[in-house]
Each structure stands twice: as C-alpha cells, then as structure tokens.
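One-letter residues, chain by chain:
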Amino acid sequence: MRVLKRLVQTLIIAPLLLLLVACAMHLSNSGESVLSSKADGLLRVATYNVHYIRLGRENGAWSVGDWQRRKAPMSMAVRAVDADIFAFQEMESFAGGDEGSVNLTLDYLLQQHPEFAAAAVGDWRTFPSTQAIFYRKDRLRLLDQGWFFFSDTPDVIYSRTFNGSYPAFCSWAKLRTASGENIFVFNVHFEFKSSSNRLLSAELLKSRVSPLIDAGERVLIVGDINERAGGKSLKILESVGIKFLAIDGSTYHLNRGINLFSAIDHIGASANIYAKGVPTVLRRKFLGEWPSDHYPAYADFDLSPSEQNAEYHPEN
C-alpha cells in the first residue's frame, strides 16, 4: 500500500515539476520586444525563418490555407523590423522533391515590399531560391550571389547532407552600399536533428568564409543555426574571426509563443563590421496571429572604420 501511495504521489508531482520548469524556462527566455529606431548611417540586418508551405495541403498546419492566415501578419513583421538586409530561411512552397517553380512567400513579400529586391534567387533548377536575401534597393546594390550545400558535394544542387538527411545549404550575396563598402552576407540553415551535420556544416562554411576574412572583406553570417550560444558549431566559426552577437531569449517559440529555449537563430559579423547596441528579437503577434514558428531577430551595424568603432564592444 505504501509503495502504491508513493507511486501515485510521483505520478502527480513529476508533471507538476515539469510544468514549473517549463514555466521558468519560458519566463527566462521571454521579454518585451521594444523596437528600436534605426539611426542614420547604420545598416540593419535581420534573420527570419518563415516556415515552409505545403502546396498539396489545403488546410491544417503549414498548408496553403494556413498561409492565407499568416501572410499579412508576416508582411507586417517585415515592415516593423525595417531592416536593410533580411535573410530568410524556409521560404519554400513545398510540392515534393526538389521542384521549386512556386514560391508563394517570396512572391507575396516582394509584392508587398517594393522597397526590396531579392538576392540569392534564380531558376530553381540551377539556383535554390528558398533562402532569399532581401536588400533595400535605395541603400544597396547586388554584385554577386551564390550557394553551396552542406554535403560531401557542396556544389551539387540539392545534394543531401553529410549523413543523408534532407538538403541544407547556404545562400550568399555580395552587396555594395551607396557609400561604396562591399559586404558578403552568408544566409544559413543548419540541419536541426544531427549535431555531426551541424559541425561538418560549420567546417564547410568556415572554409568558404576564411579566405574572404583573410582578404579583409566584410562578412556577415546570419540564419537558423539550430544551436544555442556557445555551441560547438558557433565556436568553429568564431575561430576565424566571426563574432556572434548575444541574442537574449528565444527566437523559436513552437508556433505558440512558448519560449523554452535560448536563441537558435544568430547574427555574426567579421571584425571590420561594428555592432551598435544589442540585437532585438521581435516577439509579437500581428493581427492576432503568429506569422511563423520563429521570431525575426535583427541588429544594427556600422561599416565605418573609425577609431570610435574600433574601441566599441557590444554589450553581452
């Protein structure tokens, strides 16, 4: 009888403890989003995983019908962030296989935001266009663009990851500011299940950005790295001079505003790009809806090689 009583107590107490832990984690990874005004001369860079759409599904989670609910709130989120560079992940209308002739999110956001042009896009048969990099046309000009997959054959389009999982890749764009500075933007989405995939992806990305950093180029690495601050994948990239900003709280919220984990979406910059202030995560509904299961995150940068910038250290 005593054993049964203890078992019943355990069955009651354990879920309560888990609930308390979850509540504590949610509170520690939440926080009011205060949109900061963008100072003149600074470059605002954002990352946003917008979640794919299933074209073959009319209703339900991530369906075409669900996209009709999400699209206006997403457009409002993009407008609220007011970025100059916006790196998107999972901007995909999934029809099955690698076929990518339809991209509802890309077309809609470009239509709603004519101030932007899209880099890192092209004919889906030769250029994967699900990680577009939007740039503000009045401030930036596209010089070059490309992609590589996180696989043993990185230059083979849609090649699967190192362990054979779904394709994951990096899109990139070389942009020039109105004042003549060049900047490389690497937009990444690391595979979420496999830590070995993420480590190999980081090593491949490191090999691609190292020559640019050594040559004194300005480099940004942004996107959904699926790893928290201090993780091994981030450290691999930090070893070549990328500084990842300290993003406070969750960037992924289970599509319900539940903030259990610290940031997995990140913004990193080479030493010749100077962060101003601290990054912001926009934890907010629009029109009463969550646009995606991730929040947009952004940070402001100065590209000027001034003495003041050289001495500036962003708050951690």
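Residues numbered from 1 in each chain as written. Predicted model: local features only at pLDDT ≥ 70, side-chain atom pairs only at ≥ 80, totals over all residues. Heavy atoms only, no water.

**Let's talk about helix α3 (residues 104–112)**
Helical periodicity: at 3.6 residues per turn, an α-helix aligns residues three or four positions apart in one direction.
Alright, step 1. The complete set of buried residues in α3 reads T105, L106, Y108 and L109.
Alright, step 2. Lining the buried residues of α3 we find β2 (53–54), α2 (64–81), β3 (85–89), β4 (93–94), β5 (116–119) and β6 (133–136). (Buried < 20%, exposed > 50% of the residue type's maximum accessible area, 1.4 Å probe, protein only. Helix = DSSP H or I, 4+ residues; strand = E, 2+ residues; numbered from the N terminus. Contact = heavy atoms within 4.5 Å.)

**Regarding the pairing of strand β9 (residues 182–189)**
Alright, step 1. Where burial is concerned, most of β9 is hidden: 8 out of the 8 residues are buried.
Alright, step 2. Burial of β9 is two-sided: the residues N182, F184, F186 and V188 facing one way and the residues I183, V185, N187 and H189 facing the other way are all buried.
Alright, step 3. By the bridge criterion, 7 bridges tie strand β8 (residues 169–177) to β9 in an arrangement that is antiparallel. Bridge assignment links W172 to a residue of β9, and that residue is F186.
Alright, step 4. Where β8 folds back onto β9 in an antiparallel hairpin, the turn is made up of 4 residues, including G180, whose phi is positive at roughly 100°.
Alright, step 5. By the bridge criterion, 6 bridges tie β9 to strand β10 (residues 219–224) in an arrangement that is parallel. Note on β10: the bridge partner recorded for F186 is I221.
Alright, step 6. With helix α4 (residues 195–214) bridging β9 and its parallel neighbour β10, the resulting β-α-β unit is right-handed. (Pairing = 2+ DSSP bridges. Right-handed = clockwise from strand over helix to strand, strands pointing away.)

**Topic: a nonpolar patch on the surface**
Alright, step 1. On the surface, a nonpolar cluster with roughly 210 Å² of combined accessible area is contributed by L254, I258 and F261.
Alright, step 2. With respect to the helices and strands, the residue F261 is situated in the loop between β11 (243–244) and β12 (265–269).
Alright, step 3. You can call F261 partly exposed: its relative accessible area is 35%. (Patch = residues over 30% accessible without salt bridge, like charges linked within 9 Å, V, L, I, M, F, W, Y side chains within 5 Å. Areas by Shrake-Rupley, 256 points an atom, 1.4 Å probe, with all protein chains shown as cover. Salt bridge = Lys/Arg side-chain N within 4 Å of Asp/Glu carboxyl O.)

**Some words on the pattern of salt bridges**
Alright, step 1. In this structure the tally under the stated criterion is 12 salt bridges.
Alright, step 2. Here D84 ties to K38 by a salt bridge, and the two come within 3.1 Å at their closest N and O atoms. Of the two residues, D84 sits in the loop between α2 and β3 while K38 sits in the loop between α1 (2–28) and β1 (43–49), which places them 46 residues apart along the sequence.
Alright, step 3. With relative accessibility at 0%, the residue D84 sits in the buried group.
Alright, step 4. Under the relative-accessibility criterion, K38 is labelled partly exposed at 23%.
Alright, step 5. Here R69 makes a salt bridge to D66, at a shortest N to O gap of 2.8 Å. A residue pair is termed a helical-turn pair when its members lie 3 or 4 positions apart in one helix, as R69 and D66 do in helix α2 at 3 residues.
Alright, step 6. A relative accessible area of 27% means that R69 is categorised as partly exposed.

**A closer look at the confidence of the model for the protein**
Alright, step 1. Looking at the protein, the pLDDT average stands at 89 and 85% of residues meet or exceed 70.
Alright, step 2. Every residue in residues 16–28 is under pLDDT 50, and counting partners more than four places away or in other chains gives 7 contacts.
Alright, step 3. Low pLDDT, under 50, characterises residues 310–316; the predicted model gives this stretch 10 contacts beyond four residues in sequence or across chains. (pLDDT = per-residue confidence, 0-100.)

**Observations regarding the packing of aromatic side chains**
Alright, step 1. As enumerated under the stated definition, the model contains 14 aromatic pairs in all.
Alright, step 2. With a centroid separation of 6.0 Å and 85° between ring planes, the pair formed by F148 and F150 is classed as edge-to-face.
Alright, step 3. When its relative accessible area of 2% is taken as the criterion, F148 is described as buried.
Alright, step 4. Relative to F169, the ring of F149 lies with its centre 5.0 Å away and its plane at 25°, an arrangement referred to as stacked. Here the residue F149 occupies a position in strand β7 (residues 140–149), and F169 occupies one in strand β8, the gap between them amounting to 20 residues.
Alright, step 5. Among the aromatic side chains, those forming a connected cluster through ring pairs are Y48, F86, F88, F116 and F134. (Phe/Tyr/Trp six-rings, centres within 6.5 Å; stacked < 30°, edge-to-face > 60°.)

**Comments concerning the nonpolar core**
Alright, step 1. Judged by nonpolar contacts, the single largest core of 29 residues is most densely connected at I85, L175, L220 and F301.
Alright, step 2. Beyond its immediate sequence surroundings of up to four residues, L220 is in contact with V45, I183, F184, V185, F186, G268, A269, I273 and F301. (Core = buried A, V, L, I, M, F, W, Y, C linked by side-chain atoms within 4.5 Å.)

**Notes on the environment of K137**
Alright, step 1. Residue placement: K137 occurs in the loop between β6 and β7.
Alright, step 2. Sequence separation of K137 and A117 is 20 residues, and the distance between their C-alpha atoms is 6.2 Å.
Alright, step 3. With sequence-adjacent residues up to four places away left out, K137 is seen in contact with P114, E115, F116 and A117.

**Examining α4**
Alright, step 1. Between its first and last C-alpha, α4 extends 28 Å over 20 residues, near the 28 Å set by a 1.5 Å rise per residue.
Alright, step 2. The largest bend along α4 measures about 30° and falls at R208, with the proline P211 one to four residues further on.
Alright, step 3. Taken residue by residue, α4 has N197, R198, S201, A202, L204, L205, V209, S210, L212 and I213 as its buried positions.
Alright, step 4. In this fold, the buried residues of α4 make contact with β7, β8, β9, β10 and α5 (232–238).
Alright, step 5. G216, located one to two residues past α4, shows a positive phi value of around 85°. (Expected span 1.5 Å × (residues − 1). Bend = angle between axes of the 7 residues up to and from the residue.)

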